[in-house]
Amino acid sequence: MLNVENLNVFYHNQIKRLENFGFTEKGITSIQTNDDVLYNGDLLIPGFIDLQIYGAGGELFSANPTLESIDFIENQLLKEGTTGFLICLATNTPEVFNRCIEVMKTHQKNAKNCWGLHLEGPFINPKKRGAHVLEYIRKASLDEIKALLDFGEGTVKMITLAPELQDDEIITYLIDHNIIVSLGHSDATFEEATAAYNKGVQTTTHLFNAMSPILHRRPGIPTAVFNHPSAMASIIADGMHVDFEVVKMAHKQMKERLFLITDAVTDCNTGPYQHKAVDGKFVMPDGTLSGSSLTMLQAVKNCVGHCNIDLPTAIAMATTYPSKLSAAFNRASALELGNDSNFLILDRNLELKSIFFNGKEIK
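Residues numbered from 1 in each chain as written. Predicted model: local features only at pLDDT ≥ 70, side-chain atom pairs only at ≥ 80, totals over all residues. Heavy atoms only, no water.

Colleague: Any chance you could explain the pairing of strand β13 (residues 233-236) here in plain terms?
Modeller: Along any regular strand, the residues point their side chains to alternate faces of the sheet. Residues Ala-233 and Ile-235 line one face of β13 and the alternating positions Ser-234 and Ile-236 line the opposite face, and both faces are buried. Of the pairings in the sheet, the one linking β13 to strand β14 (residues 258-261) comprises four bridges and is parallel in character. Bridging from a neighbouring strand, Ile-235 pairs with Leu-260 of β14. The parallel pair β13 and β14 is bridged by helix α7 (residues 244-254), and the resulting crossover is right-handed. (Buried < 20%, exposed > 50% of the residue type's maximum accessible area, 1.4 Å probe, protein only. Helix = DSSP H or I, 4+ residues; strand = E, 2+ residues; numbered from the N terminus. Pairing = 2+ DSSP bridges. Right-handed = clockwise from strand over helix to strand, strands pointing away.)

This is the structure:
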């Protein structure tokens, strides 16, 4: 049992006063709340979910695909409050992809907070490749997709692709096999993007980055996802990948369909993706913007401090909303009876005080 004397809680997407909270290593056993919120209280929230992150603490998984690397990344992200994530692979050679998948197949037996792989490429549009390596980009074939998922043995959870360059059977096959398909690194028109969402593409990768823009005579991908009733989108709320005023606008348009990712990389000086930290972001050797240096907690703070998004909504963007998208494989992220006892305690300044994973405090 926790001492709940000075605790509020994020519960059902609202801030409540916590009266009782019981948990074991197997899950949450009791929770009671009331509406008498403590002004100076700490705040208990679910652990963060990041569906797109490349590495942490000097370990870029694709550059060093080993069990030691993914274990280190898991532990580093746990210390930052991320209790569920997908490790991301950018467009690369089949050999690198296969090595990463092999490691993940072995690791999943003992995985903690890594839920699997997000393949960002190679089936993207070279016109919108961003920092991705041109020579590795290609169109998918159905045989290749079948072989990829068979070889993956359930480790591949999400794929970013450019639907305007892929055959419909590719998207249909992925969706039928419970893969989250995300529209990204794409030059799709408004009509092509809308058609993809209508066919079942569930979400959009790092909204506004590496995609057809909004123009008054060419609405582009952002307008398509704004206007769609169910399609979601991730966004990098660091003020550099997307200006905070644009994050604010996107949230007003999309509400619960917009969720946070870090798209974070780390310093790396080997392989095709060599990232260097410059002024709070990462760039490639030629100066191309690559990943962010965000944590999920900082993304939440940025939404509150710079985007006029209230705290409960900002927390939901880092927990509830990505949990809904990843419901097929995530481990019961909401603070509900029977769900996993993965939660954080923040102080009144939104600084991380305590992290609990599977009922145990992470020191």
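Additional details are given in the paragraphs that follow.
Colleague: I'm lost on the sheet that holds strand β5 (residues 48-53) in this one. Help?
Modeller: As a general point, the strands of a sheet are linked pairwise by backbone hydrogen bonds and lie either parallel or antiparallel. Taken in spatial order, the six strands of this open sheet run β5-β8-β9-β10-β11-β12, and their pairing is parallel. Strand pairing shows two members of the sheet lacking a second neighbour, β5 and β12 (203-204), which therefore form its edges. Across four bridges, the pairing between strand β9 (residues 114-120) and strand β10 (residues 156-161) is parallel. Residue pairing across strands places Leu-119 opposite Ile-159, the latter belonging to β10.

Colleague: What am I meant to see in the sheet that holds strand β17 (residues 289-292) here?
Modeller: The sheet built from three strands is open, its strands ordered β15-β16-β17 with antiparallel pairing. Each edge of the open sheet is held by one strand with a lone partner, namely β15 (276-278) and β17. Strand-to-strand twist in this sheet, taken as the mean axis angle between neighbours without regard to direction, amounts to 45 degrees. In this structure, strand β16 (residues 281-283) lies alongside β17, joined through two bridges in antiparallel fashion. The residue bridging Lys-281 from the neighbouring strand is Ser-292, located in β17. (Axes fitted to C-alpha atoms, helices over the stretch in contact; angles between N-to-C directions.)

Colleague: Can you walk me through the pattern of salt bridges in this structure?
Modeller: Opposite charge on two side chains lets them pair, provided their charged atoms get close. Counting across every chain of the model gives 14 salt bridges. Put simply, Arg-17 and Asp-36 hold a salt bridge, and the shortest N to O gap is 3.8 Å. With Arg-17 in strand β2 (residues 14-24) and Asp-36 in the loop between β3 (27-34) and β4 (42-46), the pair connects residues that are 19 residues apart, well separated along the chain. Between Lys-353 and Asp-42 there is a salt bridge whose closest N-O contact spans 2.7 Å. Pair noted here: Lys-353 is in strand β19 (residues 352-357) and Asp-42 is in strand β4, with a separation of 311 residues, a long-range link. On the basis of relative accessible area, Lys-353 is assigned to the partly exposed category, the value being 48%. Given the relative accessible area of 16%, Asp-42 is considered buried. Among the ionic contacts, a cluster of salt bridges with common partners joins Asp-71, Glu-74 and Lys-112. (Salt bridge = Lys/Arg side-chain N within 4 Å of Asp/Glu carboxyl O.)

Colleague: Any chance you could explain the side chain of Ser-69 here in plain terms?
Modeller: Its place among the elements puts Ser-69 in helix α1 (residues 67-79). Take Ser-69: its relative accessible area is 1%, and that puts it in the buried class. Within the structure, Ser-69 has its side chain in polar contact with the backbone oxygen of Asn-64 (distance 3.2 Å). If we skip the residues at most four places from it in the chain, Ser-69 touches Glu-59, Phe-61 and Asn-64. (Polar contact = N/O pair within 3.5 Å; in protein donor to acceptor, adjacent residues only side chain to side chain. Contact = heavy atoms within 4.5 Å.)

Colleague: Whenever I open this one, the side chain of Asn-342 confuses me. Can you help?
Modeller: By the element assignment, Asn-342 lies in the loop between α10 (320-325) and β18 (343-346). Engagement of the side chain of Asn-342 in a polar contact is seen with the backbone nitrogen of Asn-358, the distance being 2.6 Å. Sequence-distant contacts of Asn-342, that is, excluding residues within four places in its chain, are made with Pro-46, Gly-47, Thr-83, Leu-335, Phe-356, Phe-357 and Asn-358.

Colleague: I keep staring at the pairing of β10 and nothing clicks. Help me out?
Modeller: Counting buried positions over the six residues of β10 gives six, a clear majority of the element. Handedness of the crossover is the feature at issue here: the chain leaves β9, passes through helix α3 (residues 142-152), returns alongside β10, and the resulting connection is right-handed. With four bridges connecting them, β10 and strand β11 (residues 180-183) associate as parallel partners. By the bridge assignment, Ile-159 is partnered in β11 with Val-181. Note that the unit made of β10, helix α4 (residues 168-176) and β11 has a crossover that is right-handed.

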